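Architecture and fold: a report
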Amino acid sequence: MPLQIGKDLMLLPFWKGARMPAEMRLSDPEPGSSSTCSSFINQQMEIGDLNPWFFPLPSDSCRVDPCSNHDFMNFIYRVVVSSPVMPDVIIDYDMRKLVFSIVQQEDVLGVSCNSGSFSQSHELSANELPDAQNDENKHAQITEVQRWKDFSDAYCCERKVVISHDGVEVPLTILYSREAWKKGQSPGLLQGYGAYGEVLDKNWCSDRLSLLDRGWVVAFADVRGGGPDSSWHKCGSGLSKLNSIYDFIFCGKYLVNEGYVHEDQIGAIGSSAGGLLVGAAINMYPDMFRAAILKVPFLDICNTLLDPNLPLTILDYEEFGNPQEQSQLEYILSYSPYDNIPQGSCHPSVLVTASFHDSRVGVWEAAKWVAKIRDSTCSSCSGGVILKTDMNGGHFGEGGRHGQCEETAYEYAFLMKAMGIFE
């Protein structure tokens, strides 16, 4: 599991050089015992007893993912460090010398950045050095300057806590340009998913710079139903799915109330199960969002779960419930985006994308939802609901860098037009 970390990453010493605390010891197995060894602890241990050391990280809001470290006897441990304000960087940690080195960092063209640096310097006493060096060096000084590309001076990343409808604290990550953002006047885009225990991807993405440099706020709502732990997932799935939707709504309200986003210029985006989240939120508060993007959205949840011939229906019973049971059917119908479209009311502009060869979410779900929106809501608003169907791609699109850039440009153009922002 990736680690969400603050300023420092703690690593325990390499096992060959580690000294076992006095409170712990290994004992030989008893004759006839099936175990190879046994251990016991006489008293509670502290982290300091394990002799940890700390390596600094370049950003206050980082995600650390391990690379393929298959050689367990190697002193080098490689990770990828990513942040919303810093391109991904690959770092090698040397657990013997207690130093690290930057292997590679993604280049960002056409954008000036600051080269952050960190000078790591420390002394190793004789008992910390490898045995082969003890005879020659009683002390060793290791000094190394590390540099990385960091955009934290240009873009601000804040992590806030939003109180939801039942008092639960929901994490909200807010990203904006220090120069272009204007308090209470900027447009914003709120992203959510909230299903299958998945954590929102908040890694560096150069595509976002197009919005940030225009003064937009990009926010990520880690609503219940997502990750990072099973309890958070359970509190937003099954008969608790409404928690996810209310979490998302309260995060949107927070952005407006705290002055991050103008009250009439907030948009939302959700993909797949995240489309269900955004679609349900729009039904409950149609006046809250000015525009929304639903990408291959799961909208007709009840009818889909009633068809066991579809590939994911049985697996989704655990995530959303089984509509063949009356109590669960009633609960699903209470939030289903397709079944709760308000009649005759105004509706925000929505871009709905679908893929003809999507094996996870049927292309008919987006088509049915758009048709019902146009039939149920006021005629002046329903014209702003657009269905864009990819006749060749699947659930994750056609792929390729060029296709991804073209898709993102189309989505951003839609958002700017829907918000009334013209340049």
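Residues numbered from 1 in each chain as written. Predicted model: local features only at pLDDT ≥ 70, side-chain atom pairs only at ≥ 80, totals over all residues. Heavy atoms only, no water.

A few points about the sheet that holds strand 17 (residues 291-295)
The criterion, for reference: Should DSSP find at least two bridges between two strands, the strands are regarded as paired. Only DSSP runs of H or I covering at least 4 residues are called helices, and only runs of E covering at least 2 are called strands; the numbering of each starts at the N terminus. Where helices are involved, their axes are fitted lines through C-alpha atoms of the stretch in contact, as for all axes, and angles between N-to-C directions lie from 0 to 180°. By the convention used here, residues are in contact when the closest approach between their heavy atoms is within 4.5 Å.
The mixed open sheet is built from eight strands, whose spatial order is 12-13-15-14-16-17-18-19. Both edges of this open sheet fall to strand 12 (155-163) and strand 19 (385-390), since each of them pairs with a single strand only. Ignoring strand direction, the axes of neighbouring strands in this sheet form an average angle of 15 degrees. The sheet contact formed by strand 17 and strand 18 (residues 349-355) spans five bridges and is parallel. Of the residues in strand 18, the one forming a bridge with Ile-293 is Leu-351. On the sheet, helix 4 (residues 241-257) packs against strand 12, strand 13 (169-177), strand 14 (188-192), strand 15 (217-221) and strand 16 (266-271) and is oriented at approximately 45 degrees with respect to strand 13. Most of the contacts of helix 11 (residues 401-419) go to strand 17, to which it runs at about 155 degrees, and overall it touches strand 14, strand 16, strand 17, strand 18 and strand 19.

Some words on the environment of Val-80
By the element assignment, Val-80 lies in strand 7 (residues 76-83). Expressed as a C-alpha distance, the spacing of Val-80 and Cys-67, which sit 13 residues apart in the sequence, is 6.7 Å. Discounting chain neighbours no more than four positions away, the residues touching Val-80 are Arg-63, Val-64, Asp-65, Cys-67, Asp-88, Val-89 and Ile-90.

Describing the nonpolar core
Across soluble globular proteins, nonpolar side chains have a tendency to be buried as a group. Rule in force here: Buried Ala, Val, Leu, Ile, Met, Phe, Trp, Tyr and Cys residues that are joined via side-chain atoms within 4.5 Å together make up what is termed a nonpolar core. Each residue gets one of three labels from its accessible area relative to the maximum for its type: buried under 20%, exposed over 50%, partly exposed in between, using a 1.4 Å probe on protein chains only.
Core analysis: the biggest nonpolar cluster contains 83 residues, and Leu-172, Ile-174, Phe-248, Leu-255, Tyr-335 and Trp-369 have the highest contact counts within it. If near-sequence neighbours (up to four positions away) are discounted, Phe-248 is found in contact with Leu-190, Gln-191, Gly-192, Ala-221, Val-223, Ala-268, Leu-277, Val-278, Ala-281 and Phe-289. The next biggest cluster of nonpolar side chains, apart from the first, holds 15 residues, and it includes Met-86, Met-95, Leu-98 and Trp-148.

Focus on the packing of aromatic side chains
Which entries qualify depends on this criterion: Note on ring pairs: Phe, Tyr and Trp rings are taken, using the six-membered ring of Trp, and paired if centres are within 6.5 Å. Classes follow the plane angle, with under 30 degrees stacked, over 60 edge-to-face and the rest tilted.
Under the definition given, this model contains 10 aromatic pairs. Where Tyr-176 meets Tyr-260, the ring centres are 6.2 Å apart and the plane angle is 55 degrees; that geometry is what we call tilted. Here the residue Tyr-176 occupies a position in strand 13, and Tyr-260 occupies one in the loop between helix 4 and strand 16, the gap between them amounting to 84 residues. Residue Tyr-176 is classed as buried on the basis of its relative accessible area, which comes to 8%. Ring plane angle 70 degrees and centroid distance 5.4 Å describe the contact between Phe-298 and Phe-320, whose orientation is recorded as edge-to-face.

Re the state of the cysteines
By definition, a disulfide is the covalent link that joins the sulfur atoms of two cysteine residues. Operational definition: We call a pair of cysteine sulfur atoms a disulfide whenever their separation is within 2.5 Å.
For the coordinates displayed, the defined rule picks out zero disulfides. There is no disulfide at Cys-405, and the cysteine sulfur nearest it, in Cys-205, is 9.2 Å away.

Observations regarding unusual backbone geometry
With an omega dihedral of 10 degrees, the bond running from Gly-227 to Pro-228 counts as a cis peptide bond. Topologically, Pro-228 is positioned in the loop between strand 15 and helix 3 (230-234). A positive phi angle, close to 55 degrees, is found at Ser-272, a residue other than glycine. Looking at where Ser-272 falls in the secondary structure, it is placed in the loop between strand 16 and helix 5 (273-284). Exposure remark for Ser-272: the relative accessible area of 13% places this residue in the buried category.

Points about the packing of helix 4 against helix 5
The condition that has to hold: Oblique is the label for any angle not covered by the other classes, which are roughly parallel (under 35 degrees), roughly antiparallel (over 145) and roughly perpendicular (65 to 115). Note on convention: near helix rotated counterclockwise from far helix by under a right angle means a left-handed crossing. Clockwise means right-handed. Only Asp, Glu, Lys and Arg are considered charged in this grouping, and only Ala, Val, Leu, Ile, Met, Phe, Trp, Tyr, Cys and Pro are considered nonpolar; every other residue, Gly among them, is considered polar.
Across the interface, helix 4 lies against helix 5 with an axial gap of 9 Å and an inter-helix angle of 70 degrees. Our classification of the angle between helix 4 and helix 5 gives roughly perpendicular. Both helix 4 and helix 5 take part in a crossing whose hand is right-handed. Side by side, helix 4 and helix 5 meet where Lys-241, Leu-242, Ser-244, Ile-245, Tyr-246, Phe-248 and Ile-249 of the first sit next to Leu-276, Leu-277, Val-278, Ala-280, Ala-281 and Met-284 of the second. Classifying every residue of the contact of helix 4 with helix 5 gives 11 nonpolar, one polar and one charged.

Some words on the confidence of the model for the protein
Formally: pLDDT gives the predictor's per-residue confidence on a scale running from 0 to 100.
Chain-level statistics for the protein give a pLDDT mean of 82 and a share of 78% at 70 or above. A low-confidence stretch, residues 1-8 (pLDDT under 50), is modelled with 28 contacts involving residues beyond four sequence positions or located in other chains. Predicted confidence is poor over residues 121-143, with pLDDT under 50, and the contacts of this stretch with residues over four places away or in other chains come to 34 contacts.

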